[in-house]
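# Remarks on the overall topology
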Amino acid sequence: MKRIVFALFACVVLANACQKEGTSDSPTVSFAFSVPTNVDGKSVLTLSVENYTGTDAITIPIEFSGDAVKDVDFTVEPEAFVIGGTSPVTTVTITPIDYTSEKSVTASIQAPEGFVAGRYMQSTFSLSGQVARCSFSTRSASLASVVTISVNLIDMLGENEYVLQDGDEIDVTVNTDESTAVENTHFRFQGEKKVVFSPATSSGTVTLEYISPVDAEHNKIVLELDPSSKYALGTNPEVAITIIGSEWEMIDGTWQIHELATDKEFMQTWWGIPETDLNGYPTFNPEDKFTVDMDNNMFIPAFQSEFKNYFIGTSNITVNVGEQLTLRTMTDVMTPFVIQLFWLDNVNRNFSANTVSDDKVGAIGVRFVEDEESGEQLLELQIVDYRATDFLKAFEDYGFYLNEKPVAANPDATDMQIRATFKKVE
């Protein structure tokens, strides 16, 4: 009899406990995870609600503690969770004010009346550090009519691209101490002075427009990235842009060879090309010249070296402003550069002393560079559209030539281009 009375008493106690703590059908509330989700450096807290069938809106405030202080070290948007109603809120975003902070946050919620506390009623986490490094894709560029320069994001280790989930913006400034061109006098920005990253991308662009003619004393623009604390600066925090004018007026004149950068020694050293496969390859001749007549759109060669086997006569020039290539050189493979394409209608794409190509329309690439010793401005010319029949047979054997023009501009075969610099003499 005593055992029966005791069992009945235990059932009553258990039933009372269930009424106090809620039944298995009682609605439950908690954080969805022990720590928030990181989205582009922001911490996103997610609410988990189970078994709530009501329609009334119930607000669940969040209490913050820890050595990080709300509105001093971080902001919160929105301020609380809301369940039920017409506008439920199930995520709250904590955004660091200073991404270099190492402070921590503890977020806590309380189960409202009629709810049971779930598994995670408290979440402790550190404010996110810097999320990525930002860098211009090149250290130098040329501005003809319009130039667009990419800015890339890589992870903090510098190993992989960093893809922004929600997109972002990074400010760009003009370094007026190093620039000689004046903004809104010689050039202007297309749109705002910032790089815009679309969602699910790791790169954005900034675009500049040419306004008015410049001389050699007012043709330099230096742009700098000015990111928030969210980003660190990468390999190329600035880019130097040379204004060359919408009609390429600075290229007009006569140019004499300064240096053959990709000479035979270069090809042997970097490509491992044997001497026997370089017969007929261009050699340096200090008398090599060419003239560009932009008034009449003419390219007039005066080469004494093997370059005369490519530039076989006066050509008409076609320039599609903005038709550019991004290339690299083996001597600085981490720094891409941009060249403007010039199309000539009287070149020997065989680059041969023995045969002449049926198709005589070929492309060269040009850009302005600075002589490292004198600081003088040089014109770099690159032959990017040839298919040599007398030399560099290895390029043909290994399938390096592209199927479409310019055929020697394969981005995966660095320095196929024959590259030389020239100094203006007239």
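Cut-offs used in this document
Numbers given to residues run from 1 along each chain, matching the order in which its sequence is written. Reporting in this predicted model follows two pLDDT cut-offs: at least 70 for local features of residues, and 80 or more for side-chain atom pairs to be given and counted; totals over whole chains, interfaces and linings ignore these cut-offs and use all residues. Values reported for side chains reflect all heavy atoms of the structure, with hydrogen atoms and water molecules removed beforehand. Numbering goes from the N terminus for both helices and strands, where a helix is a DSSP run of H or I of at least four residues and a strand is a run of E of at least two. We compute the radius of gyration over the C-alpha atoms and compare it with the globule rule, which gives 2.2 Å times the number of residues raised to the power 0.38. In this scheme, a residue with accessible area under 20% of its type's maximum is buried, one over 50% is exposed, and one in between is partly exposed, where area comes from a 1.4 Å probe on protein chains only. Contact criterion: two residues are considered in contact whenever any of their non-hydrogen atoms come within 4.5 Å of each other. All accessibility values rest on the Shrake-Rupley procedure with a 1.4 Å probe; residue burial counts only the protein chains present in the view. By the counting scheme adopted, Arg and Lys are positive, Glu and Asp are negative, and His together with the chain ends is not counted. Working definition for charges: the position is that of NZ of Lys, CZ of Arg, CG of Asp or CD of Glu. The predictor reports its confidence for every residue as pLDDT, a score running from 0 up to 100. Counted as salt bridges are all cases of a side-chain nitrogen of Lys or Arg within 4 Å of a carboxyl oxygen of Asp or Glu. For the purposes of this section, nonpolar cores are sets of buried Ala, Val, Leu, Ile, Met, Phe, Trp, Tyr and Cys residues that join through side-chain atoms within 4.5 Å. Two rings from Phe, Tyr or Trp (for Trp, the six-membered ring) form a pair when their centres are within 6.5 Å of each other. A pair whose planes differ by under 30 degrees is stacked, one over 60 is edge-to-face, and the rest are tilted. Over a ring means this: the NZ of a Lys or the CZ of an Arg is within 6 Å of the ring centre and within 35 degrees of the ring normal. Two N or O atoms form a polar contact when they lie within 3.5 Å of each other; inside protein one atom must be a possible hydrogen donor and the other a possible acceptor, and for residues adjacent in sequence the pair counts only when both atoms belong to side chains.

In the annotation of an unreviewed UniProt entry, the entry for the protein reads Calx-beta domain-containing protein, and the organism field reads Candidatus Cryptobacteroides faecigallinarum.

What follows concerns the overall build of the protein. Scanning the protein from N- to C-terminus turns up 3 helices and 30 strands. Taking 22 Å as the expected radius of gyration for a compact globule of 426 residues, we find that the protein reaches 33 Å, considerably beyond that expectation. Evaluated residue by residue, the protein yields a buried proportion of 44% over its 426 residues. When contacts within the protein are restricted to residue pairs at least 6 apart in sequence, those whose partners lie at least 24 apart make up 64%. Accessible surface, the protein as shown: approximately 21400 Å² in total, 48% of it carbon and sulfur. Once the 27 positive and 63 negative side-chain charges of the protein are each reduced to a mean point, those two points are 6 Å apart.

Looking at the protein as a whole, its pLDDT mean stands at 88, while 92% of the residues score no less than 70. In this model residues 1-22 is a low-confidence stretch, pLDDT under 50, and it forms 3 contacts with partners more than four residues away in sequence or in other chains.

So, about the pattern of salt bridges. This structure, assessed with the given rule, holds 16 salt bridges. As a salt-bridge pair, Arg419 and Asp415 come within 3.1 Å of each other at their nearest N and O atoms. Note on Asp415: relative accessible area 1%, which makes it buried. One connected set of salt bridges, linked through shared partners, spans Arg349, Asp359, Asp385 and Lys405.

Put simply, Glu77 and Pro78 share a cis peptide bond, and its omega is -10 degrees. Mapped onto the elements, Pro78 comes out in the loop between strand 6 (74-77) and strand 7 (80-83). The phi dihedral of Ala200 falls on the positive side, at around 65 degrees, and the residue is not glycine. Along the chain, Ala200 turns up in the loop between strand 17 (194-197) and strand 18 (203-210). Overall, Ala200 belongs to the exposed group, its relative accessible area being 59%. Positioned with a positive phi, Asp415 is a non-glycine residue whose angle comes to about 70 degrees. Topologically, Asp415 is positioned in the loop between helix 3 (393-397) and strand 30 (418-424).

The next thing to look at is the nonpolar core. Note on soluble globular proteins: their nonpolar side chains tend to be buried together. Core analysis: the biggest nonpolar cluster contains 44 residues, and Phe311 and Tyr386 have the highest contact counts within it. Of all the secondary-structure elements, those providing two or more residues to this core are strand 22 (253-260), strand 23 (289-293), strand 27 (332-344), strand 28 (362-370), strand 29 (377-383), helix 3 and strand 30. With residues up to four places along the chain from it excluded, the contact list for Tyr386 reads Tyr310, Arg349, Phe351, Leu392, Phe395, Tyr401, Val407, Ala408, Met416 and Ile418. The next biggest cluster of nonpolar side chains, apart from the first, holds 30 residues, and it includes Cys134, Ile149, Phe189 and Ile241.

Here we take up the environment of Phe136. Note that Phe136 resides in strand 12 (residues 132-136). Classification of Phe136 by relative accessible area gives buried; the value is 1%. Sequence separation between Phe136 and Glu238 is 102 residues; the distance between their C-alpha atoms is 6.6 Å. Setting aside anything within four residues of it in sequence, one finds Phe136 in contact with Ile149, Ser150, Val151, Val206, Leu223, Glu224, Leu225, Asn236, Pro237, Glu238 and Val239.

For the coordinates displayed, the defined rule picks out 25 aromatic pairs. Here Arg367 stacks its cationic end above the ring of Phe337, 3.9 Å away from the centre of that ring.

Our focus in this paragraph is the environment of Thr254. In this structure, Thr254 sits in strand 22. Judged by relative accessible area, which is 9%, Thr254 ranks as buried. Taking C-alpha positions, Thr254 is 5.9 Å from Lys424, a pair spaced 170 residues apart along the chain. Setting aside residues up to four positions removed in sequence, Thr254 forms contacts with Lys289, Phe290, Thr291, Lys423, Lys424, Val425 and Glu426. Looking at Thr254, its side chain comes within polar contact range of the side chain of Thr291, at 2.8 Å.

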